[in-house]
Amino acid sequence: MIHSFWFVAETAAGQTPTELWHWQGTPIIIGWSLLVLFIASRTIKLPHVGPEMPLGPLAPIFNRPSVATVLASVSFGHILGVLTIFGLAPYLQ
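So, here is what we can say about the structure in this document.

1. Here's the deal with unusual backbone geometry
Positive phi, close to 65°, is recorded for asparagine 63, a residue that is not glycine. For asparagine 63, the location among the structural elements is in the loop between helix H2 (26–43) and helix H3 (67–92). One non-glycine residue, arginine 64, lies in the positive phi region at around 45°. Note that arginine 64 resides in the loop between H2 and H3. The class for arginine 64 is partly exposed, based on a relative accessible area of 42%.

2. Quick notes on the side chain of serine 33
Checked against the element boundaries, serine 33 lands in helix H2. Classification of serine 33 by relative accessible area gives buried; the value is 7%. Those residues within four positions of serine 33 in sequence are excluded, and the remaining contacts are Val74, Gly77 and His78.

3. Description of H2
Taking 1.5 Å per residue as the helical rise, H2 with its 18 residues ought to reach 26 Å, and the 26 Å between its terminal C-alpha atoms agrees with that figure. Every buried residue of H2 is listed here: Ile28, Ile29, Ser33, Val36, Leu37, Ala40 and Ser41.

4. What to know about the pattern of salt bridges
Counting across every chain of the model gives 1 salt bridge. A salt bridge links glutamate 52 to arginine 64; its shortest N-O distance comes to 3.7 Å. On the criterion of sequence distance, the pair formed by glutamate 52 in the loop between H2 and H3 and arginine 64 in the loop between H2 and H3 is long-range, its members being 12 residues apart. On the basis of relative accessibility, which here comes to 45%, the residue glutamate 52 falls in the partly exposed class.

5. Some points on a nonpolar patch on the surface
Together, Trp32, Leu35, Phe38, Ile39, Leu58 and Ile61 give the surface a local cluster of nonpolar side chains, amounting to about 510 Å² of exposed area. Within the element layout of this structure, isoleucine 61 appears in the loop between H2 and H3. Exposure remark for isoleucine 61: the relative accessible area of 43% places this residue in the partly exposed category.

Parameters at a glance
- Residues numbered from 1 in each chain as written.
- Predicted model: local features only at pLDDT ≥ 70, side-chain atom pairs only at ≥ 80, totals over all residues.
- Heavy atoms only, no water.
- Helix = DSSP H or I, 4+ residues; strand = E, 2+ residues; numbered from the N terminus.
- Buried < 20%, exposed > 50% of the residue type's maximum accessible area, 1.4 Å probe, protein only.
- Contact = heavy atoms within 4.5 Å.
- Expected span 1.5 Å × (residues − 1).
- Salt bridge = Lys/Arg side-chain N within 4 Å of Asp/Glu carboxyl O.
- Patch = residues over 30% accessible without salt bridge, like charges linked within 9 Å, V, L, I, M, F, W, Y side chains within 5 Å.
- Areas by Shrake-Rupley, 256 points an atom, 1.4 Å probe, with all protein chains shown as cover.

This is how it looks when you write it as structure tokens:
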């Protein structure tokens, strides 16, 4: 099944499977995830409900969010990051 996926991906993209992913988008996703976490921890109505996320020395910067707040924020950050990467794809090659 994995082999058929790579065949379809290779045929659709016209590239080998190892060329489908690059490190160039990683800082964009990390940046969006941290920005959304920073904003969401201050704007969510109840950011401290549930167990606190062990962020170490960065906890005060992000307002000591709960695990649910971090997961929701980072998930939304990934969505924004992927959309940004798709928009910048012609320029990242």
